[in-house]
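# Working through the structure, step by step
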Amino acid sequence: MHILILIGFIFLLIFIYGLFSEKLAKYSISGPMVFTIFGLIAGSMFDLDQFHINSQNLIVVGEIALIAILFTDASNISLSDFFKVYKLPVRLLFIGLPITMALGTITAIPLFGGFEIVALAMMAFILSPTDAALGQAVVNSPNVPVRIRETISVESGLNDGLVLPPILICAQILKGGGSQELEMSVLLEFFGKQLILATLIGIVLGWLGTRLINWSVEKKYSSNLYQGLSIIAIPIIAYVVSDHFGGNGFIAAFIGGLVFSPKSERVSNTGKEFGEVISQPLTLFVFFIFGSSIFPHFKEYFNLNVIIYAFLSLTILRMIPVLFSLRTLKIKRYKKVFIAWFGPRGIGSILYLLIVFQMIGDTKVYDELYAVIVLTVMFSIFAHGLSAVPYANWMGKKVSEDQAEETK
């Protein structure tokens, strides 16, 4: 299929989906679900080799989509609210996430014993971060308490960046044949740049972007249209600058959104709208290509062990570490379980799969492990998509009942 015809076809699907999106949402049918199904159908009918598994174009689209989502989600969180809920995401990121990565690696050993431990770790790491795009139905639901929503948003915003350095290290070792030794000083420098430098760049550019936009609005130098474009340019600039100097671009984009705080509520809303306008079509595009090209590429490897691990990844390997990390906090158990369940895998895992696939090359050696990632994402698209609205509604009723009990 010619690239222009493909793009036109996808936007036709976006147009049709837009006509019925509100109605579909009431039945817990999300955009990623619809476009994954569209992709599966289109992949069986057309040759979509322009966006194959090893395509740099697909990686760029995924990166831009993730950057826009991270910035937009972060800009919805006020810093004052963040410091009220920071204990939850900090525990999830620095206790729950490492346990998830370690437990995922250990669990893979008996199921995929023929692979080296580095390859199993890489697979587990790719499946550790949660997806901001698939979690939007929950993050945007008024039925879910603000503290829970912002915890899920911060976790999904930062864990993508935290797991990328170890993923790249594993891929580099596998690319070198599995025998490459990395000195501790090199690793510390790498992680320092990835995390600390990215955070500083995000803070500086988020703050500077805010000041310049506030100045422009006060002077009435910019139009409403270009204010939105200026705002969404901030995370992309932060990503590029951070990546250029060895930092993690995704962390820089999220931190930039967290710091971004224009004086005008109108300007703030404009930025959010532009972020969603840019991120949503790209997100739907990624899931379309996931269904049409990526999923079919690995479906022949979906054996029993792959299915078992994919199921465990979305349940035990996610939920036990989360519940353990939150065990000492005074939060109702049903809220902890809610946070533990809503750890969907989506664009982040797809993007990192594409990156390591391109780094290592199409050797077929690790296709079974790649298949685990693909099937886990497919399960997550539907399991978390179908459960988001009813579970959020249940959460709202449960919170209301608790509040009624407390007032008696």
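Treat the numbers as computed from the prediction; the structure is a model and nothing was measured.

On to unusual backbone geometry. Although it is not a glycine, S28 sits at a positive phi angle of roughly 60°. With a phi angle near 70°, K364 is a residue other than glycine that sits in the positive phi range. Position of K364 among the secondary structure elements: in the loop between α16 (347-360) and α17 (367-407).

Time to look at the packing of helix α2 (residues 31-45) against α17. Their axes nearest at 9 Å, the elements α2 and α17 cross at an angle of 140°. Helix-helix and strand crossings are classified by hand; for α2 and α17 the assignment is left-handed. Every residue of α17 that contacts α2 at P32, M33, T36, I37 and L40 is listed here: M378, I381, F382, G385 and L386. Residue classes in the contact of α2 with α17 are distributed as eight nonpolar, two polar and no charged.

Now for empty space enclosed by the protein. A water-sized probe rolled over the atoms picks out the places where empty space is left. One pass over the structure, following the stated rule, counts two cavities of 30 Å³ or more. In this model, the largest cavity occupies a volume close to 60 Å³. Surrounding the largest cavity, L92, G96, L97, T100, S128, E155, N159, R318 and V322 form its lining. At the level of secondary structure, the elements contributing two or more residues to the lining of the largest cavity comprise α5 (87-111), α8 (146-175) and α14 (316-325). Ranked by residues supplied to the lining of the largest cavity, first place goes to α5 with four residues. When the residues that make up the lining of the largest cavity are grouped by side-chain class, the tally is three nonpolar, four polar and two charged. Considering only enclosed or pocket space, the second largest cavity measures out at about 50 Å³ in volume. Lining the second largest cavity, in full, are T100, G104, A124, L127, S128, Y309, S313, L317 and R345. Counting residues per element, the ones that place at least two in the lining of the second largest cavity are α5 and α13 (304-314).

Moving on, we come to the pattern of salt bridges. Under the defined criterion, the tally for this structure stands at three salt bridges. Between E155 and R318 there is a salt bridge, with the nearest N and O atoms lying 2.6 Å from each other. Separated by 163 residues along the polypeptide, E155 in helix α8 and R318 in helix α14 bring together distant segments of the chain. Like R318, E155 is buried. With its nearest N and O atoms 3.7 Å apart, the salt bridge here joins K193 to E189. On the criterion of helical spacing, the pair formed by K193 and E189 is a turn pair, its members being four residues apart in helix α9 (residues 184-219). The class of K193 is partly exposed, set by a relative accessible area of 36%. According to the relative accessible area criterion, E189 is partly exposed, its value standing at 48%.

Interhelical geometry of α14 versus helix α15 (residues 333-341) gives an angle of 140° and a closest axis separation of 8 Å. Considered as vectors, α14 and α15 are oriented oblique to each other. Classified by chirality, the crossing of α15 by α14 is right-handed. When α14 is examined against α15, the residues R318, M319, V322 and L323 are found in contact with a partner set consisting of K336, V337, I339, A340 and W341. Residues belonging to the contact of α14 with α15 are distributed by class as follows: seven nonpolar, no polar and two charged.

Within this model, the largest pocket holds a volume of roughly 900 Å³. In terms of lining, the largest pocket is formed by 35 residues, of which the most central are Y17, Q136, A137, N140 and Q280. At the level of secondary structure, the elements contributing two or more residues to the lining of the largest pocket comprise α1 (3-26), α2, α3 (56-75), α7 (136-139), α12 (265-298) and α17. Element by element, the count of residues in the lining of the largest pocket is highest for α17, at eight residues. Each residue belonging to the lining of the largest pocket can be placed in one class, and the counts come to 15 nonpolar, 17 polar and three charged. In this model, the second largest pocket occupies a volume close to 240 Å³. Lining the second largest pocket are 14 residues, with L93, F94, L158, T199 and I255 sitting closest to its centre. If you tally residues by element for the lining of the second largest pocket, the top one is α5, at four residues. Partitioned by chemical class, the residues of the lining of the second largest pocket number 13 nonpolar, one polar and no charged.

The rules behind each value
Residue numbers here run from 1 along each chain, matching the order of that chain's written sequence. Selection of residues for local features in this predicted model requires a pLDDT of at least 70, selection of side-chain atom pairs for listing and counting requires 80 or more, and totals for whole chains, interfaces and linings are taken over all residues. Only hydrogens and water are removed before side-chain values are computed, so all heavy atoms of the structure are retained for them. Strands are runs of DSSP state E lasting at least 2 residues, helices are runs of H or I lasting at least 4, and numbering of each runs from the N terminus. Orientation is described by lines fitted to C-alpha atoms, with helices fitted over the stretch in contact, and by angles between N-to-C directions that extend from 0 to 180 degrees. Crossings are classed by handedness, with left-handed meaning an anticlockwise turn of the near helix from the far one by less than a right angle and right-handed meaning a clockwise turn. Here, two residues are considered to be in contact whenever any of their heavy atoms come within 4.5 Å of each other. Throughout, the ten residues Ala, Val, Leu, Ile, Met, Phe, Trp, Tyr, Cys and Pro are labelled nonpolar, Asp, Glu, Lys and Arg are labelled charged, and all others, Gly among them, are labelled polar. Buriedness of a pocket was judged along seven lines, with at least five required to meet protein on both sides within 12 Å; pockets are open sets of points on a 1 Å grid over the protein atoms alone, cavities are sets where a 1.4 Å probe fits but cannot get out, and lining residues have an atom within 4 Å of a point. Grid points are joined across faces, edges and corners, and a volume is the space filled by probe spheres set on the points. Definition used for salt bridges: Asp or Glu carboxyl oxygen within 4 Å of a side-chain nitrogen of Lys or Arg. For each residue, the accessible area found with a 1.4 Å probe, counting protein chains only, is set against the maximum for its type, and the residue is called buried under 20%, exposed over 50%, and partly exposed in between. Angles are sorted into four bins: roughly parallel if under 35 degrees, roughly antiparallel if over 145, roughly perpendicular if 65 to 115, and oblique for all others.

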